[in-house]
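Residues per chain are reported as follows:
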Amino acid sequence: MKKLFLLLAAMAVVLAALNPSEADFREHVRQKQGVAGTAAMVVMDLLAAGEKGGIKRENFVVASRFHVGGDGLLPREDLAWGIAGFFIDLK
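To start, this report covers the structure provided alongside it. (Residues numbered from 1 in each chain as written. Predicted model: local features only at pLDDT ≥ 70, side-chain atom pairs only at ≥ 80, totals over all residues. Heavy atoms only, no water.)

A look at unusual backbone geometry
Backbone geometry follows two general trends: most residues other than glycine have a negative phi, and most peptide bonds adopt the trans configuration. Positioned with a positive phi, Val61 is a non-glycine residue whose angle comes to about 65°. Relative to the helices and strands, Val61 is located in the loop between β1 (55-59) and β2 (64-68). Judged by relative accessible area, Val61 falls into the exposed class, the value being 55%. For Ala84, which is not glycine, the phi torsion reads 55° and is therefore positive. (Helix = DSSP H or I, 4+ residues; strand = E, 2+ residues; numbered from the N terminus. Buried < 20%, exposed > 50% of the residue type's maximum accessible area, 1.4 Å probe, protein only.)

Put into structure tokens, the structure is as follows:
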């Protein structure tokens, strides 16, 4: 039982260390969608009401959810989950 707990704790530490940031997600969008993705991010940043920008990150320690909108002109739309340095697109 103690080994299982240590294994789970080690996995949680590794996942927390590899949890992608907002900058990682922006780079993922740039690589995947190219110029169109970059232009879309600029438009979202301009339409966002807050000073953080259009793309928001909810941090759950071992994973993150990325979304746009929810405050201001844009309705909230979930874009992707990030875990262990990888992204799972929701579209």
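Observations concerning the pairing of β1
Relative to β2, β1 is paired through 5 bridges, and the arrangement is antiparallel. Within β2, the residue paired with Asn59 across the bridge is Ser64. What sits between the antiparallel neighbours β1 and β2 is a turn of 4 residues, in which Val61 has the positive phi angle 65°. (Pairing = 2+ DSSP bridges.)

A short note on the pattern of salt bridges
Pairing between side chains of opposite charge can happen when their charged atoms approach one another. Enumeration over the complete set of coordinates arrives at 7 salt bridges. Residue Glu27 pairs with Arg30 through a salt bridge whose shortest N-O separation is 3.8 Å. Of the two residues, Glu27 and Arg30 are both situated in helix α2 (residues 22-47); the distance of 3 residues between them amounts to about one turn of the helix. Here Arg76 makes a salt bridge to Asp78, at a shortest N to O gap of 3.2 Å. Connected through shared salt-bridge partners, Glu58, Arg65, Arg76 and Asp78 make up one network. (Salt bridge = Lys/Arg side-chain N within 4 Å of Asp/Glu carboxyl O.)

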